[in-house]
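# Summary of the model geometry
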Amino acid sequence: MKNILVLLILFSAITLPALAELTDANLNQIRLIIRQEVKAEVKAEITASEDRMKEYINLKLENVNNQIKANSSEIGAIRSQMNVFIGIPLLIITLLFAWRALRDRANDKQIQALIAENEHLKRQQTITP
């Protein structure tokens, strides 16, 4: 019976603080602690999310830069091919014009020689009647 009485007093002493009412100051302190912990967790999550987003954006930006470099090299290759395809016909046309000009000069010289010979023959004909 003594044991039961001692245990009953012991358990009552343990439960008395649990039955005590919380004051407004205690509740405000609990709220403050919870807010600080929630803020810390939210900040950590936001920071982690921002880091993931920055990494993702950097990867995408790197991919875009690589594509731009690849496209630039392809454009350079196409330009060089276009220069060849445009340059060769222009060279051929220029050579044809130059050849034609040389031929025209040769024809002009022959015509001048024939005119001079014709003039010479006319003079001879007028001199010897």
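Preceding this section is the structure that the text describes.
A brief report on the enclosed structure follows. Keep in mind the model is a prediction, meaning the values are calculated, not measured.

## Here we look at the overall build of the protein chain
The helix and strand inventory of the protein chain stands at two helices and zero strands. Taken against the 2.2 N^0.38 rule, which gives 14 Å for 129 residues, the C-alpha radius of gyration of the protein chain at 53 Å runs more than 25% over that of a compact globule. If one aligns the C-alpha atoms of the protein chain with their principal axes, the spans along those axes are about 180 × 30 × 10 Å. The 129 residues of the protein chain split such that 0% are buried. When the accessible surface of the protein chain is split by element, carbon and sulfur atoms take 65% of a total near 12,400 Å². With 16 positive and 14 negative side-chain charges, the protein chain shows a spacing of 8 Å between the two charge centroids.

## Digging into a nonpolar patch on the surface
A contiguous nonpolar patch, built from Leu22, Ile30, Ile34, Val38, Val42 and Ile46 and spanning about 510 Å² of accessible area, is present on the exposed surface. One can find Val38 in helix H2 (residues 24–127). On the accessibility criterion, Val38 (43% relative accessible area) is partly exposed.

## Digging into a positive patch on the surface
A contiguous patch of positive charge on the surface is contributed by Arg31, Arg35, Lys39 and Lys43. Relative to the assigned elements, Lys39 resides in helix H2.

## So, the environment of Arg31
The topology assignment puts Arg31 in helix H2. With a relative accessible area of 43%, Arg31 lands in the partly exposed category. Taking C-alpha positions, Arg31 is 118 Å from Ala113, a pair spaced 82 residues apart along the chain.

The rules we used
- Sequence order as written defines the numbering, with residues in each chain counted from 1.
- Under the rules for a predicted model, residues below a pLDDT of 70 receive no local features and side-chain atom pairs below 80 are neither given nor counted, while totals for whole chains, interfaces and linings still include all residues.
- Side-chain measures here rest on the full set of heavy atoms in the structure, leaving out hydrogens and waters.
- Only DSSP runs of H or I with at least four residues qualify as helices, and only runs of E with at least two residues qualify as strands; both kinds are numbered from the N terminus onward.
- Computation of the radius of gyration draws on C-alpha atoms alone. For the globule rule, the value is 2.2 Å times the number of residues to the power 0.38.
- The buried label applies to any residue whose accessible area, calculated with a 1.4 Å probe on protein chains only, is under 20% of its type's maximum; exposed applies above 50%, and partly exposed to all values in between.
- Areas reported as accessible are Shrake-Rupley estimates using a 1.4 Å probe. Residue values count occlusion only from the protein chains shown.
- His is not counted, nor are the chain ends, whereas Lys and Arg count as positive and Asp and Glu as negative.
- For this purpose, a charge sits on NZ of Lys, CZ of Arg, CG of Asp or CD of Glu.
- Each patch is built from residues lacking any salt bridge and having more than 30% relative accessible area; the joining distance is 9 Å for like charges and 5 Å for nonpolar side chains (Val, Leu, Ile, Met, Phe, Trp, Tyr).
- The salt bridge criterion pairs a side-chain nitrogen of Lys or Arg with a carboxyl oxygen of Asp or Glu, the two atoms within 4 Å.

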